[in-house]
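An overview of the molecular structure
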Amino acid sequence: MKNKFFSNAPIHIMLILGGIAMALPFIWMILTSGKTLVESTQIPPTIFPEKFQLSNYQQVLDLLPFMAFYINTFLMVVGRVIGSVLFSAMAAYACARLSFPGENIFFSLVLIQMMIPGSIFITPQYLLAQKLGILNTIPALILPGVVSAFGTFLLRQFFLGLPDELEEAAYLEGANIWTIFFKIMLPLAKSGLVALGIFTALFAFKDLMWPLIVNTSIDKMPLAPGLANLQGQYATNFPQLMAGSLLAIWPIVVIFIVFQRKFIEGIATTGGKL
């Protein structure tokens, strides 16, 4: 036991140091949110505030419509999660379990889309939103996230890992393809669906460029681009910015804590079969 402990000690030390390194920015953000403006700009920097300034949080709530930010973010995340999970699951099932002309070409196009930087799609997406007349609306925030090449690839791995006998037995019982998909395959891929839902929520939550381009009204902004209004052109009130950041990140932290087991389980079983 002692030999095993000492042999694993370097790995544990590296993991602990890595965890501390990742936690430091969040700790610094919390401490800075309670400082005065003078304390936040001192050189050398002060680590702990002399008195924790809760007024920074109130000032941020007075400056920005956080309730509108929360509602817009919730609608955007829910819309993208539902669309991404549904359409990605259907595309992944087709790629993994169905035979049709050009199936390899179709899946290659999905992989190619994953390799192209997302910024390339901004102009055509904006023109599409303009043609649809949804600029500066909540549907404009949802539109780019309802289809996910990453989600198609992720769920395809789950469907590839399911035994063929399930479909064969369902066909013998007279089930059609939609019944098999919705009543048999989707429930068995629940871990993958949850993992994709969490991924999609994270990607939507931190989306900054697209909301700033497609929406111009602050009342139509989600949390990430809404916080950009705290960034001054010549000077920035860092305690207020950190306070706003804490007010912005707590929902996604709660989501991850609640679904942490499903998230890890989904990622761990993704590569079951290639």
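This is a predicted model, so every value here is computed, not measured.

1. A look at the pattern of salt bridges
Enumeration according to the criterion identifies one salt bridge in this entry. A salt bridge links Arg80 to Asp207, with the shortest nitrogen-to-oxygen separation between them at 3.0 Å. Placement of Arg80 in helix α4 (residues 66-97) and of Asp207 in the loop between α11 (190-205) and α12 (209-214) is noted, with a sequence separation of 127 residues between them. Residue classification places Asp207 among the buried positions, given a relative accessible area of 18%.

2. Looking at the packing of aromatic side chains
The description of an aromatic ring pair uses the distance of the two centres, along with the angle that the planes make with each other. Counted according to the given criterion, the structure contains twelve aromatic pairs. When the centroid spacing of 5.2 Å and the interplanar angle of 50° are considered together, the rings of Tyr93 and Phe181 count as tilted. Taken together, the residues Tyr93 in helix α4 and Phe181 in helix α10 (residues 177-188) connect sequence positions 88 residues apart. For Tyr93, a relative accessible area of 3% translates into the label buried. With a centroid separation of 5.9 Å and an interplanar angle of 25°, the aromatic rings of Phe199 and Phe203 are classed as stacked. In this pair, Phe199 and Phe203 both sit in helix α11, four residues apart, roughly one turn of the helix. Judged by relative accessible area, Phe199 falls into the buried class, the value being 17%. In this structure an aromatic cluster arises from ring pairing among Tyr93, Phe159, Trp178, Phe181 and Phe182. The ring of Phe107 has Arg156 sitting right over it, with the charged end atom 4.0 Å from the ring centre.

3. Things to note about helix α14 (residues 238-258)
The terminal C-alpha atoms of α14 lie 30 Å apart, and with 21 residues this matches the ideal 30 Å at 1.5 Å per residue to within 8%. Where α14 bends most, the angle comes to about 35°, and this point is Ile249, followed within four residues by the proline Pro251. Residues of α14 that are buried include every one of Pro239, Gln240, Leu241, Met242, Ala243, Gly244, Ser245, Leu246, Leu247, Ala248, Pro251 and Ile252, and no others.

4. Here we look at the nonpolar core
Core analysis: the biggest nonpolar cluster contains 32 residues, and Val60, Phe66, Phe69, Val214, Leu223 and Leu230 have the highest contact counts within it. At the level of elements, α3 (55-63), α4, α6 (122-132), α7 (138-142), α11, α12, α13 (223-227) and α14 are the ones that each hand at least two residues to this core. Per element, the largest residue contribution to this core is seven residues, and it comes from α14. Ignoring anything within four residues of it in the chain, the contact list for Leu223 reads Phe66, Phe69, Tyr70, Thr73, Phe205 and Ala248.

5. Structural notes on a nonpolar patch on the surface
On the surface, Leu86, Phe87, Val147, Tyr171, Ile177, Trp178 and Phe182 cluster together into a nonpolar patch covering about 690 Å² of accessible area. Along the chain, the position of Trp178 falls in helix α10.

6. Side note on the domain arrangement of the protein
According to the domain assignment, the protein consists of domain 1 (1-52) and domain 2 (59-270). Here domain 1 and domain 2 have C-alpha centroids that lie 31 Å from each other. Both sides of the domain 1 and domain 2 interface together cover about 680 Å² of buried area, and 86% of this is carbon and sulfur. Among the residues domain 1 hides against domain 2, the three largest losses belong to Met29, Ser33 and Leu37. Together they make up 62% of the total. Counting across the domain 1 and domain 2 interface gives zero salt bridges. The tally of links from domain 1 across to domain 2 stands at zero residue pairs in polar contact (both at pLDDT 80 or more). Listed by contribution, the elements that provide at least two residues to the side of domain 1 that touches domain 2 are α1 (2-33) and α2 (37-40). Per-element tally for the side of domain 1 that touches domain 2: the top contributor is α1, with five residues. Considering only residue class, the side of domain 1 that touches domain 2 consists of four nonpolar, five polar and one charged.

Definitions and cut-offs
Residues numbered from 1 in each chain as written. Predicted model: local features only at pLDDT ≥ 70, side-chain atom pairs only at ≥ 80, totals over all residues. Heavy atoms only, no water. Salt bridge = Lys/Arg side-chain N within 4 Å of Asp/Glu carboxyl O. Helix = DSSP H or I, 4+ residues; strand = E, 2+ residues; numbered from the N terminus. Buried < 20%, exposed > 50% of the residue type's maximum accessible area, 1.4 Å probe, protein only. Phe/Tyr/Trp six-rings, centres within 6.5 Å; stacked < 30°, edge-to-face > 60°. Lys NZ or Arg CZ within 6 Å of the ring centre and 35° of its normal. Expected span 1.5 Å × (residues − 1). Bend = angle between axes of the 7 residues up to and from the residue. Core = buried A, V, L, I, M, F, W, Y, C linked by side-chain atoms within 4.5 Å. Contact = heavy atoms within 4.5 Å. Patch = residues over 30% accessible without salt bridge, like charges linked within 9 Å, V, L, I, M, F, W, Y side chains within 5 Å. Areas by Shrake-Rupley, 256 points an atom, 1.4 Å probe, with all protein chains shown as cover. Domains from an automatic or database assignment. Buried area = accessible area lost by both parts, 1.4 Å probe. Polar contact = N/O pair within 3.5 Å; in protein donor to acceptor, adjacent residues only side chain to side chain. Nonpolar A, V, L, I, M, F, W, Y, C, P; charged D, E, K, R; others polar.

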